[in-house]
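An overview of the molecular structure
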Amino acid sequence: MRKFQLLNRSPKNYKIVMLLVISLLCGAGFSQSEGLLSENVVFTTEIAEDASPAVLARIRQAKEYPISEIKFEKGTYHFYPDKAFEKFTRISNHDDVLAKTAMPIFGMQGLTINGQGSTFIFHGRMIPFLIEDSKNITITNVTVDWAVPFHSEGLIVANDVNNNSFDMELSEEYPYEIRNGQLIFVKEYYEHNLGQSILFDPARNAIAFNTEVYTPISATRNSSVQHNLDKIKYKYKTDPRSKVEKVRGKEDNLRVEEVKPGTVRIFNHKQKLPPVGMVLVCKGDQSLNRLAPAFRITGTEGFNAKNVNVHHAGGMGLIAENSSDLILDSFNVTPSQGRMVSTTADATHFVGCRGKVELRNCTFNNQLDDATNVHGTYQEVMDVIGKNSIGVRMGHAQQQGFTIGRANDTIGLVRLATSFFPYDYLTLKSTEYINGRYQIISFNEDLPAGLKVGDLIENVEGYPELLVQNCNISRNRARGLLISNPKKTVIENNYFSTEMEAILIPVESSHWFESGNAANLIIRNNTFQDNQHSGFNRGVIRFVTDDENHNIAFKNIEMTNNQFHQFDNLILEISNVDGLLFQGNTITNSGSFPILYPDNPAITVKASKNIVFKKNKYMGKAKQILLKDELLRNLKFK
């Protein structure tokens with residue numbers, strides 16, 4: 001027998017039924033000052049055991065009954081995927097996923113979600129905030145965490161050079177099984193193998209010094225039996241990093257045995273055995289471990305996050321695509337519950353965004369990738385279709401479905417063999433999705449006669465004015481800032497101490513296909529402390545391109561009044577730059593770690609022009625401060 005029967009779909013009867021439905025879903029944990037469907041919603045801790053059904057029920061009615069503010073009574077709320085909203089979602093720099101969320105913020109305007117100091121604990125493969133095609137969304141005063149993390153951590157308790165093995169102790173937080181000789185970590189709604197891995201030093205609560213000697217753990221090797229694989233041919237280009245291609249010709253390399261419950265022994269590692277006392281962090285296979293960012297924002301104009309803490313996510317803390325005016329103030333990514341790791345990928349990431357992107361007063365610690373990455377997307381021309389249309393291919397598996405822009409955006413045509421800048425421009429008329437890899441793009445103008453298959457396109461309007469100010473970026477894997485942004489960028493008053501470059505300025509066209517190059521970049525009043533401590537032979541700040549040529553890629557750079565306290569010699573790598581001022585900076589040797597590359601200079605310059613050094617202080621230990629090529633034979637460090 002039906003509990004409700006809607007006999008008359010009049011607005012009055014329909015509203016009564018919806019009131020009853022929502023009240024049943026929400027139980028007693030829901031209150032509003034002006035009635036159940038008013039614009040000001042308050043959830044109480046009575047829904048805390050699983051807040052997904054109640055929150056989702058009200059958000060689903062937002063089209064008929066708009067919401068301006070959702071508040072949560074201060075407390076700890078759990079969110080489970082079982083009754084959450086599900087949607088197939090392609091997310092840039094993540095794996096494609098059937099996303100589950102209790103907060104599908106789609107097509108909404110002027111919404112504030114205020115946690116009032118609450119903690120949201122998520123379970124399994126969920127996206128806490130899924131924000132699409134919205135305007136002026138604010139999230140404030142909330143902490144995001146997971147009950148069970150997407151990564152795993154194990155303490156190295158023994159190693160045996162003679163048997164090429166090491167022992168790892170696993171706490172009760174990391175249940176596991178050994179399946180066909182392989183270690184599998186079993187989670188709520190999820191599992192992963194060793195896969196990608198890196199060492200942390202618990203004494204420093206940071207990436208272990210010189211970890212590249214020990215990690216990553218060598219999980220695979222070339223397969224011993226292969227027959228007729230060379231007979232497999234493709235008509236079109238394939239991605240060697242796709243889920244299908246990446247496993248071909250590979251087999252499991254490691255063999256795992258249990259020594260006693262909670263301690264496993266791992267054999268066949270190819271690198272130096274990890275030292276006793278270090279913590280091995282692993283997050284599974286690279287093409288399967290970016291499934292649940294904390295914030296996913298796309299097609300949205302105006303997003304503010306204030307006093308937000310992200311303690312964990314199975315991917316990035318925040319990923320924003322094709323959005324504008326994103327302001328993060330006190331948006332902090334830090335680990336909790338005694339874990340070494342916060343998010344398993346970047347703290348924040350911005351693709352094809354415009355307007356303003358501001359990161360102020362943020363802390364980005366212990367994530368397993370960059371603090372932030374700002375770039376566009378290159379797409380490769382596969383077909384010339386008629387007078388004004390082309391077929392394009394997405395280069396990386398984690399870019400599938402990405403839309404390059406909106407109607408009338410200016411699209412640059414790029415041929416990197418001759419220049420890092422567009423050789424011509426068109427305006428976008430429309431994009432037609434064919435499949436994840438392939439789209440047809442039409443322009444308002446006829447295609448230029450010189451356009452060739454293999455050229456790249458980029459959206460020259462899909463870059464923001466960027467501010468990174470008063471942030472702490474430290475103890476993480478990979479870089480601090482990865483900036484491919486030709487719009488004005490200011491990086492000031494920040495603290496950097498990262499495993500790889502503090503700041504990387506690239507043109508990246510062969511792996512991630514991340515478009516853009518730096519111009520109008522100001523780096524001032526920052527402190528750089530012991531970056532590049534994982535063992536790579538690279539500078540603290542690097543300008544680098546995929547293509548080895550003398551073409552200019554970066555313009556109008558200022559680096560002033562920064563402090564570099566570095567254990568190693570190499571501070572700055574300048575390449576393909578036109579116009580760089582390095583003034584008022586102080587460089588010292590910190591003595592924190594042994595020098596790994598004693599023969600390196602402090603600064604290298606190549607394929608560049610209009611480089612100026614003024615009023616800098618060098619108190620490091622490099623035998624040679626400046627190494628330059630023949631293009632700048634008269635350049636001196638001052």
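To keep things clear, this report deals only with the structure shown in the data block. (Residues numbered from 1 in each chain as written. Predicted model: local features only at pLDDT ≥ 70, side-chain atom pairs only at ≥ 80, totals over all residues. Heavy atoms only, no water.)

1. Section: the overall build of the protein chain
Across its full length, the protein chain holds 2 helices and 55 strands. On C-alpha atoms alone, the protein chain measures out to a radius of gyration of 26 Å, which is about the 26 Å that the 2.2 N^0.38 rule sets for 638 residues. C-alpha atoms of the protein chain, sized along the principal axes, occupy 85 × 70 × 60 Å. A burial count over the protein chain gives 57% of its 638 residues as buried. As displayed, the protein chain has an accessible area near 26,000 Å², and 48% of this comes from carbon and sulfur atoms. Across the protein chain, the mean location of the 69 positive side-chain charges is 3 Å away from that of the 69 negative side-chain charges. (Helix = DSSP H or I, 4+ residues; strand = E, 2+ residues; numbered from the N terminus. Rg over C-alpha atoms; globule rule 2.2 N^0.38 Å. Buried < 20%, exposed > 50% of the residue type's maximum accessible area, 1.4 Å probe, protein only. Areas by Shrake-Rupley, 256 points an atom, 1.4 Å probe, with all protein chains shown as cover. Lys, Arg positive; Asp, Glu negative; His and termini not counted. Charge placed at Lys NZ, Arg CZ, Asp CG, Glu CD.)

2. Focus on the pattern of salt bridges
The final tally for this structure, using the stated rule, is 30 salt bridges. One salt bridge in this structure joins Arg-524 and Glu-492, with 2.7 Å as the shortest N-O distance. You can see Arg-524 sitting in strand β44 (residues 519-524) and its partner Glu-492 sitting in strand β40 (residues 489-492), a full 32 residues away along the chain. Residue classification places Arg-524 among the partly exposed residues on the basis of a relative accessible area of 29%. With a closest N to O distance of 2.7 Å, Glu-501 and Arg-542 form a salt bridge. (Salt bridge = Lys/Arg side-chain N within 4 Å of Asp/Glu carboxyl O.)

3. Topic: the side chain of Thr-604
Locating Thr-604 in the fold gives a position in strand β52 (residues 603-606). In contact with Thr-604, other than residues within four places in its own chain, are Leu-570, Leu-572, Glu-573, Ile-574 and Leu-627. (Contact = heavy atoms within 4.5 Å.)

4. Observations concerning a positive patch on the surface
A contiguous patch of positive charge on the surface is contributed by Lys-614, Lys-615, Lys-636 and Lys-638. Along the chain, the position of Lys-638 falls in the segment after β55 (626-628). (Patch = residues over 30% accessible without salt bridge, like charges linked within 9 Å, V, L, I, M, F, W, Y side chains within 5 Å.)

5. A word on the sheet that holds strand β32 (residues 389-394)
Strand order in this closed barrel of 6 strands is β31-β32-β35-β34-β33-β36, and the pairing throughout is antiparallel. Along the sheet, successive strands turn relative to each other by an average axial angle of 50 degrees, direction set aside. (Pairing = 2+ DSSP bridges. Axes fitted to C-alpha atoms, helices over the stretch in contact; angles between N-to-C directions.)

6. Notes on the sheet that holds strand β17 (residues 206-207)
Within the open sheet, the 7 strands sit side by side as β17-β16-β22-β11-β12-β21-β20. Their pairing is antiparallel. Both edges of this open sheet fall to β17 and β20 (255-260), since each of them pairs with a single strand only. As defined by bridge partners, strand β11 (residues 152-160) adjoins strand β22 (residues 279-282) across 4 bridges and the pair is classed as antiparallel. Looking across to β22, one finds that Gly-154 is bridged to Leu-280.

7. Considerations on unusual backbone geometry
What is expected of a backbone is that most residues other than glycine have negative phi and most peptide bonds are trans. In this model, Thr-215 is joined to Pro-216 through a cis peptide bond whose omega is 10 degrees. Mapping Pro-216 onto the fold places it in the loop between β17 and β18 (220-222). Even without being a glycine, Asn-525 presents a positive backbone phi close to 60 degrees. Looking at where Asn-525 falls in the secondary structure, it is placed in the loop between β44 and β45 (527-529). Relative accessible area serves as the criterion here: at 36%, Asn-525 is assigned to the partly exposed category.

8. Observations concerning the packing of aromatic side chains
This structure, assessed with the given rule, holds 23 aromatic pairs. Seen in terms of ring centroids, Phe-613 and Phe-637 are 5.6 Å apart; in terms of plane orientation they differ by 50 degrees. Their pairing is tilted. Of the two residues, Phe-613 sits in strand β53 (residues 609-614) while Phe-637 sits in the segment after β55, which places them 24 residues apart along the sequence. As far as the burial class goes, Phe-613 and Phe-637 line up, both buried. An aromatic cluster is built from Phe-43, Phe-72, Tyr-77, Phe-79, Phe-120, Phe-122, Trp-146, Phe-150 and Tyr-190, whose rings are joined through pairwise contacts. The residue whose ring lies beneath Lys-555 is Phe-421, and the NZ or CZ to ring-centre distance is 4.7 Å. (Phe/Tyr/Trp six-rings, centres within 6.5 Å; stacked < 30°, edge-to-face > 60°. Lys NZ or Arg CZ within 6 Å of the ring centre and 35° of its normal.)

9. Remarks on the pairing of strand β46 (residues 541-545)
The element β46 is largely enclosed, with a buried count of 4 among its 5 residues. Here 5 bridges tie strand β42 (residues 503-507) to β46, and the two strands are oriented parallel to one another. Within the sheet, the bridge partner assigned to Leu-504 lies in β46 and is Arg-542. Bridging between β46 and strand β49 (residues 572-575) involves 2 bridges; their strand directions are parallel. Along β49, the bridge assignment pairs Ile-541 with Leu-572.

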